[in-house]
Amino acid sequence: VQLQASGGGLVQAGGSLRLSCAGSGRTFSRYAMGWFRQAPGKEREFVAAINWSDGSTYYADSVRGRFTISRDGAKSTVYLQMNSLKPEDMAIYYCASAPWCSGSGCYLTRTYDYWGQGTQVTVSS
């Protein structure tokens, strides 16, 4: 299984970015996908997740209403649309795949068995 994250970059506060995570080696229609982030000196934290089968979504309180996770089955790709970015959103963003997740389980790093490389998001104030 390979996950390839892309789309990071430098943006001003209030701006937008869209991250992509392209997957291969797994039938993603039966799995969950998540985004996590890690800022310097901090632990990796949950951002958003989506169950591929039913499209149910989960968000961290800090991003709800600003970020949107979505999927494209034909491309085995998950997106994270990030709007109204804040300096505190600056981090390395990682995508991950899990056999399935529900409720609080989607928020845990140990739920996910494959991880992509990170993509840097920098937000200038």
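In this report, we go over the structure that sits alongside the text. (Residues numbered from 1 in each chain as written. Predicted model: local features only at pLDDT ≥ 70, side-chain atom pairs only at ≥ 80, totals over all residues. Heavy atoms only, no water.)

The subject of this paragraph is the state of the cysteines. Per the stated rule, a full pass over the model turns up two disulfides. Across a sulfur-sulfur distance of 2.1 Å, Cys101 and Cys106 are joined as a disulfide pair. Its S-S torsion of about 95 degrees marks the bond between Cys101 and Cys106 as right-handed, since a negative value means left-handed. Cys101 gets classed as buried once you look at its relative accessible area, which sits at 2%. (Disulfide = S-S within 2.5 Å. Buried < 20%, exposed > 50% of the residue type's maximum accessible area, 1.4 Å probe, protein only.)

This brings us to the packing of aromatic side chains. This model, assessed by the stated rule, comprises five aromatic pairs. Note on Phe36 and Trp115: the rings are 5.0 Å apart at their centroids and 55 degrees apart in plane angle, and the pair reads as tilted. Taken together, the positions of Phe36 in strand S4 (residues 32-38) and Trp115 in strand S10 (residues 114-115) put the pair 79 residues apart, joining distant regions of the chain. Relative accessible area serves as the criterion here: at 0%, Phe36 is assigned to the buried category. Chaining the aromatic ring pairs together yields one cluster made of Phe36, Phe46, Tyr107, Tyr112 and Trp115. One cation-aromatic arrangement involves Arg44 over Tyr94; the distance from NZ or CZ to the ring centre is 3.7 Å. (Phe/Tyr/Trp six-rings, centres within 6.5 Å; stacked < 30°, edge-to-face > 60°. Helix = DSSP H or I, 4+ residues; strand = E, 2+ residues; numbered from the N terminus. Lys NZ or Arg CZ within 6 Å of the ring centre and 35° of its normal.)

The next point concerns the sheet that holds strand S1 (residues 2-6). Pairing is antiparallel in the open sheet, where four strands are placed in the order S1-S3-S8-S7. A strand with exactly one partner marks an edge of an open sheet, and here the two such strands are S1 and strand S7 (67-72). Averaged over all pairs of adjacent strands, the angle between their axes in this sheet comes to 15 degrees, without regard to strand direction. Pairing between strand S3 (residues 17-24) and strand S8 (residues 77-82): six bridges, direction antiparallel. Pairing of Ser20 across the sheet is with Tyr79, part of S8. (Pairing = 2+ DSSP bridges. Axes fitted to C-alpha atoms, helices over the stretch in contact; angles between N-to-C directions.)

Moving on, we get to the pattern of salt bridges. In this structure the tally under the stated criterion is four salt bridges. Put simply, Glu45 and Arg37 hold a salt bridge, and the shortest N to O gap is 2.6 Å. Look at Arg37 and you get buried, because its relative accessible area is 5%. Salt-bridge contacts for Asp89 lead to Arg37; the nearest nitrogen and oxygen are separated by 2.9 Å. In this pair, Asp89 is assigned in the loop between S8 and strand S9 (91-98) and Arg37 in strand S4, connecting sequence segments 52 residues apart. (Salt bridge = Lys/Arg side-chain N within 4 Å of Asp/Glu carboxyl O.)

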